[in-house]
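Observations on the three-dimensional arrangement
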Amino acid sequence: MGGDGIPQTIGLMPAAIRGPRKFTAKPRNSRGLHKWIYQFSEGSGKMRDLLGGKGAGAAEMTRAGMPVPPGFTITTEACREYYAHGAKFPEGLWDQVTRALKILERKAGKRFGDAN
């Protein structure tokens, strides 16, 4: 409680009290498809709802210059869409995953499946 005796739960207020949430346009990639994948370098701690706790943490550590291996996060939206459509990948997700893996291979200087 605050000094005035009012509980300090502003971030947890029910929607009826808080009012409707403001929705912004969904992020799109260069091809105009929904953006399901974020490189660690693209995210931030402020994107916790979209990237999940671990994804936002990895992004924030990357932004801070900590020694984080290159990587990417599949968004929480992708997960919800996957389950909402009978365990089927959302349109464009697999293409974005394969592109993200190629970027990861380039940054790491290694290829998946190679012994070296």
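In this report, the structure presented in the accompanying data block is examined.

Rules used in this analysis
- All residue numbers refer to positions counted from 1 along the written sequence of the respective chain.
- Whole-chain, interface and lining totals are the exception, using all residues; otherwise, since this is a predicted model, local features are given only for residues with pLDDT of at least 70 and side-chain atom pairs are given and counted only at 80 or more.
- Neither water nor hydrogens contribute to the side-chain values; these are computed over all heavy atoms in the structure.
- Here a Phe, Tyr or Trp ring, Trp counted by its six-membered ring, pairs with any other such ring whose centre lies within 6.5 Å, and the pair is stacked when the planes are under 30 degrees apart, edge-to-face when over 60, and tilted otherwise.
- Only protein chains enter the accessibility calculation, which uses a 1.4 Å probe; a residue is then buried when its area is under 20% of its type maximum, exposed when over 50%, and partly exposed in between.
- Lysine NZ or arginine CZ positioned within 6 Å of the ring centre and within 35 degrees of the ring normal marks a charge as sitting over the ring.
- In this text, buried Ala, Val, Leu, Ile, Met, Phe, Trp, Tyr and Cys residues form a nonpolar core when linked through side-chain atoms within 4.5 Å.
- In this description, contact between two residues means that some pair of their heavy atoms is separated by no more than 4.5 Å.
- Just to be clear on terms, a salt bridge is a Lys or Arg side-chain nitrogen sitting within 4 Å of an Asp or Glu carboxyl oxygen.

1. Things to note about the packing of aromatic side chains
Here the structure, examined in full by the defined rule, presents three aromatic pairs. Ring centres 5.0 Å apart and planes at 85 degrees place the aromatic pair Tyr-82 and Tyr-83 in the edge-to-face group. We classify Tyr-82 as partly exposed; its relative accessible area is 25%. Using a relative accessible area of 59% as the deciding quantity, one classes Tyr-83 as exposed. Taking the centre distance of 5.9 Å and the plane angle of 35 degrees together, the rings of Phe-89 and Trp-94 count as tilted. Taken together, the ring pairs connect Tyr-82, Tyr-83, Phe-89 and Trp-94 into an aromatic cluster. Above the face of the Tyr-38 ring, Lys-35 is positioned so that its terminal group lies 4.7 Å from the ring centre.

2. Considerations on the nonpolar core
Listed in full, the eight residues of the largest apolar core are Trp-36, Ile-37, Phe-72, Ala-78, Leu-93, Val-97, Ala-100 and Leu-104. Those residues in contact with Ala-100, other than ones at most four positions away along the chain, are Ile-37, Gln-39 and Phe-72. Judged by nonpolar contacts, the second largest core, of six residues, contains Met-47, Leu-50, Ala-56 and Ala-59.

3. Details of the pattern of salt bridges
All told, the structure shown has one salt bridge when counted by the stated rule. A salt bridge links Glu-42 to Lys-35, with the nearest nitrogen and oxygen atoms 3.2 Å apart. Assessed through its relative accessible area of 40%, Glu-42 is described here as partly exposed. Lys-35 gets classed as buried once you look at its relative accessible area, which sits at 15%.

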